[in-house]
Amino acid sequence: MLTLCTMKNRFFFLFAAAVFTCAALTSCSDSYEVTISKDVLMDKIKGGWAAQTIGCTYGGPTEFRYRSRMIPDSIQLAWYANSVVDAMTYNKNLYDDVYMDLTFVKVFDECGLDAPVDSFALAFANAGYNLWHANQQARYNILHGIMPPESGHWLNNPHADDIDFQIEADYAGLMSPGMTDAACHFADGIGHIMNYGDGWYGGVYVAAMYSLAFVCDDVNTIAKEALKVIPKESRYYRCMADVIRWHGENPTDWKATWQLVEETHGVDVGCPEGVMKPYNIDAVINSAYILIGLLYGEGDFEKTLDIATRCGQDSDCNPASAAGILATMMGYSNIPEKFLAPLQAAEDLEFAYTGMNLKQTYEMSYNQALKVIEKYGGKVNEEDVAIKVSKPKPVRLEQGFTGLTPKERCEDFKHRFADNEESFEFDGRGAVICGRFMKDDWSLLVDYVARIQVSVDGVEQPVVELPCCYRGRLEQLWYNYQLEPGHHTVTIKVLNPEKDCWIESNAYVVYE
């Protein structure tokens, strides 16, 4: 049994190692070794998973209710003894952050650290949970034979810059303590299942911050050093660098920095739901909100959670990542009791469709971290681990939606069609038609898949399938970003109409 004196010695050693490591991160050495106890390693891994769940729960009630605006201080954010239990029981879809993460953790457990990317792709594509945006488009692509990395490429996924991989990249950092090279490796294949470019960078940056949180006790250093994994030429890097600079210039007013982010980086180019609207699920702006929460939270758990939430937009995912990174740094045992007790009440509950609870997650993630430590040159001893800490290095440069600028958004485009053809005309080099499958009685024709023939300027395109099933749906009716600049006519016709079913188109976006 550990005595109080022993515990104090262990945490004193961790603190000393962390301070040394933060300084070493900025040195010229490509790698160096840090030793921490297995107890501390587990405490940090538990902290990351627990705080991610807390953040989802805390910000869930305001998710996308505050779009391109902050949540006012006058709005009280609810938190109570049964917050996590109630959310996990009655709002299971809230935890898409976590159940996507757990899908990947489980595949690593079953297939090993070198599991092929198709194993992860097929696991989440066939899972029973609901998905949205880039994840859902990737699921559709995979189920229709478009495998990664093409499933996440911007030419095949209009949501490639969205937040999806950012919210589910925790696994990569938590299994790679202090090893940003490992975190980036484990974020590569999986991240390109659903995202590309800035959407991928969102997950890479979050994973790198988690990784460094094991060996550094200063959020400012973590934010700056982790950013070195992102190419400086990218739009994503420019935004994060701006946030760090603005915080340095004005370290007490997070709202001023929020306003600068909105004015400078608040334009969404890809997501059809967000282009030219006050709705932004782009990884760039939501990563900025994570960073605002971490930097202005100043290491205080509740302050970090609250600021990241009040930045708005995806207000559950952003505090989940910010709190997860911070709690990895400070440890599960240092999460304030106000938040830890409600979390502990839910640790035995399974996340939807995963067959896993938090206690199982802690153990599985810890075991994977031990394997990664050894795989990347470290040592696992009886009571401690020696981690070969790697200096952050940039991943490859890639940018989506290149050469495209949103030109027009038409919200008056309301068409309902079943067996008749519908057409629209536009001038540009690309377009997306938003819409959905509809029917009078949702209990009928549950396996029905509408097949629509799209023609562009009289030339038939590949037939598009629109599953009735919400889990397998297509997120928009049609898109093409590679047309010749000029005037175009797009015609849509349902090939297999069914009574009381129709396709409803409600908007389109044109690019020049």
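Residues numbered from 1 in each chain as written. Predicted model: local features only at pLDDT ≥ 70, side-chain atom pairs only at ≥ 80, totals over all residues. Heavy atoms only, no water.

J.: Just checking my understanding: could you explain the sheet that holds strand β3 (residues 384-390) for this structure?
T.: Strand pairing within a sheet occurs via backbone hydrogen bonds; the two strands may be parallel or antiparallel. Overall, antiparallel pairing links the 3 strands, which are arranged β1-β3-β2 in an open sheet. Two strands lie at the open edges of the sheet, namely β1 (31-37) and β2 (379-380), each paired on one side alone. Sheet topology note: the β1/β3 ladder contains 7 bridges and is antiparallel. Looking across to β3, one finds that Ser31 is bridged to Ser390. (Pairing = 2+ DSSP bridges. Helix = DSSP H or I, 4+ residues; strand = E, 2+ residues; numbered from the N terminus.)

J.: Help me out: how do you make sense of helix α12 (residues 235-249) in this one?
T.: At 3.6 residues per turn, the α-helix brings residues three or four places apart onto the same side. Taking 1.5 Å per residue, 15 residues should reach 21 Å; α12 reaches 21 Å between its end C-alpha atoms and fits that length. When α12 is considered as a whole, its buried residues turn out to be Arg235, Tyr236, Tyr237, Cys239, Met240, Asp242, Val243, Ile244, Trp246 and His247. (Expected span 1.5 Å × (residues − 1). Buried < 20%, exposed > 50% of the residue type's maximum accessible area, 1.4 Å probe, protein only.)

J.: For this particular structure, what's the right way to read helix α11 (residues 219-226)?
T.: The buried fraction of α11 amounts to 6 of the 8 residues, a majority that puts the element mostly inside the structure. All of the buried residues in α11 are Val219, Thr221, Ile222, Ala223, Glu225 and Ala226.

J.: Can you walk me through the pattern of salt bridges in this structure?
T.: Any two side chains of opposite charge can pair, given that their charged atoms come close. Under the definition given, this model contains 17 salt bridges. Residue Lys255 pairs with Asp73 through a salt bridge whose shortest N-O separation is 2.7 Å. Taken as a pair, Lys255 in helix α13 (residues 254-265) and Asp73 in the loop between α2 (38-59) and α3 (83-90) lie far apart in primary sequence, 182 residues in all. In this structure Lys255 comes out as partly exposed when scored by relative accessible area, which is 32%. By relative accessible area, Asp73 is classed as exposed at 52%. (Salt bridge = Lys/Arg side-chain N within 4 Å of Asp/Glu carboxyl O.)

J.: For this particular structure, what's the right way to read the nonpolar core?
T.: Side chains that are nonpolar tend, in soluble globular proteins, to be buried together. Core analysis: the largest hydrophobic core is formed by 135 residues, its most contacted members being Tyr171, Tyr205, Ile292 and Phe301. For this core, the element with the most residues is helix α10 (residues 198-213), which contributes 11 residues. Core analysis: the second largest hydrophobic core is formed by 28 residues, Cys410, Phe426, Val494 and Val510 among them. (Core = buried A, V, L, I, M, F, W, Y, C linked by side-chain atoms within 4.5 Å.)

J.: Can you help me understand the state of the cysteines in this one?
T.: By definition, a disulfide links two cysteine residues through a covalent bond between their sulfur atoms. Summed over the entire model, instances satisfying the criterion amount to 0 disulfides. Between Cys311, a free cysteine, and Cys239, which holds the nearest cysteine sulfur, the sulfur-to-sulfur gap is 11 Å. The exposure class of Cys311 is buried, given its relative accessible area of 1%. Sulfur of Cys434: no disulfide; nearest cysteine sulfur belongs to Cys271 and is 8.3 Å away. Look at Cys434 and you get buried, because its relative accessible area is 9%. (Disulfide = S-S within 2.5 Å.)

J.: Any chance you could explain the pairing of strand β13 (residues 501-511) here in plain terms?
T.: Note on strand geometry: in a regular strand, side chains alternate between the two faces of the sheet. For β13, a buried count of 9 out of 11 residues is recorded, marking the element as mostly surrounded by other parts of the structure. Where strand β4 (residues 406-410) and β13 come together, 4 bridges link them in antiparallel fashion. The residue of β13 that forms the bridge with Glu408 is Val510. Across 3 bridges, strand β5 (residues 415-417) lies against β13 in antiparallel orientation. Of the residues in β13, the one forming a bridge with Phe417 is Ile503. As paired elements, strand β7 (residues 430-439) and β13 share 10 bridges and run antiparallel to each other.

J.: Please explain the packing of aromatic side chains as it appears in this structure.
T.: Between two aromatic rings, the relevant description is the distance of the centres plus the angle of the planes. Under the criterion given, the structure shown has 28 aromatic pairs. Ring centres of Tyr95 and Phe351 lie 5.7 Å apart, and the angle between their planes is 65 degrees; this geometry places the pair in the edge-to-face category. With Tyr95 in the loop between α3 and α4 (96-111) and Phe351 in the loop between α17 (337-344) and α18 (358-375), the pair connects residues that are 256 residues apart, well separated along the chain. Like Phe351, Tyr95 is buried. Chaining the aromatic ring pairs together yields one cluster made of Phe104, Phe108, Phe120, Tyr171, Phe186 and Tyr376. Over the face of the ring belonging to Tyr332 we find Lys46, whose NZ or CZ atom lies 4.1 Å from the ring centre. One cation-aromatic arrangement involves Arg473 over Tyr470; the distance from NZ or CZ to the ring centre is 3.9 Å. (Phe/Tyr/Trp six-rings, centres within 6.5 Å; stacked < 30°, edge-to-face > 60°. Lys NZ or Arg CZ within 6 Å of the ring centre and 35° of its normal.)

J.: Is there a simple way to explain the layout of surface pockets in this structure?
T.: Which parts of space are left empty comes out when a probe the size of a water molecule is rolled across the atoms. Volume-wise, the largest pocket comes out at about 620 Å³. If you trace the largest pocket, you find 25 residues lining it, with Glu273, Gly435, Arg436, Arg473 and Glu475 closest to the centre. Listed by contribution, the elements that provide at least two residues to the lining of the largest pocket are β7, β10 (464-467) and β13. Take the lining of the largest pocket: its biggest share by element is 5 residues, from β7. The residue inventory of the lining of the largest pocket, partitioned by class, reads 14 nonpolar, 3 polar and 8 charged. Considered as a void within the structure, the second largest pocket measures approximately 480 Å³ in volume. (1 Å grid on protein atoms, 1.4 Å probe; cavity = no way out; pocket = protein on both sides within 12 Å on 5 of 7 lines; lining within 4 Å. Points joined across faces, edges and corners; volume = space filled by probe spheres on them. Nonpolar A, V, L, I, M, F, W, Y, C, P; charged D, E, K, R; others polar.)

J.: Would you mind showing me how to read the confidence of the model for the chain here?
T.: When pLDDT is low, close inspection of the predicted coordinates is not appropriate. Scored by pLDDT, the chain comes out at a mean of 93, with 95% of its residues at no less than 70. Scored below 50 in pLDDT, residues 1-20 shows 22 contacts in the model against residues more than four places distant or in partner chains. (pLDDT = per-residue confidence, 0-100. Contact = heavy atoms within 4.5 Å.)

J.: So what exactly am I meant to see when it comes to the packing of α2 against α4 here?
T.: When two helices pack together, you describe them by how their axes are tilted relative to each other and by the distance separating the axes. Here α2 crosses α4 at 150 degrees, and the two axes come no closer than 10 Å. In terms of orientation, α2 lies roughly antiparallel with respect to α4. When α2 is examined against α4, the residues Trp49, Gln52, Thr53 and Cys56 are found in contact with a partner set consisting of Asp97, Val98, Asp101, Leu102 and Val105. Grouping the constituent residues of the contact of α2 with α4 by class yields 5 nonpolar, 2 polar and 2 charged. (Axes fitted to C-alpha atoms, helices over the stretch in contact; angles between N-to-C directions. Parallel < 35°, antiparallel > 145°, perpendicular 65-115°, else oblique.)

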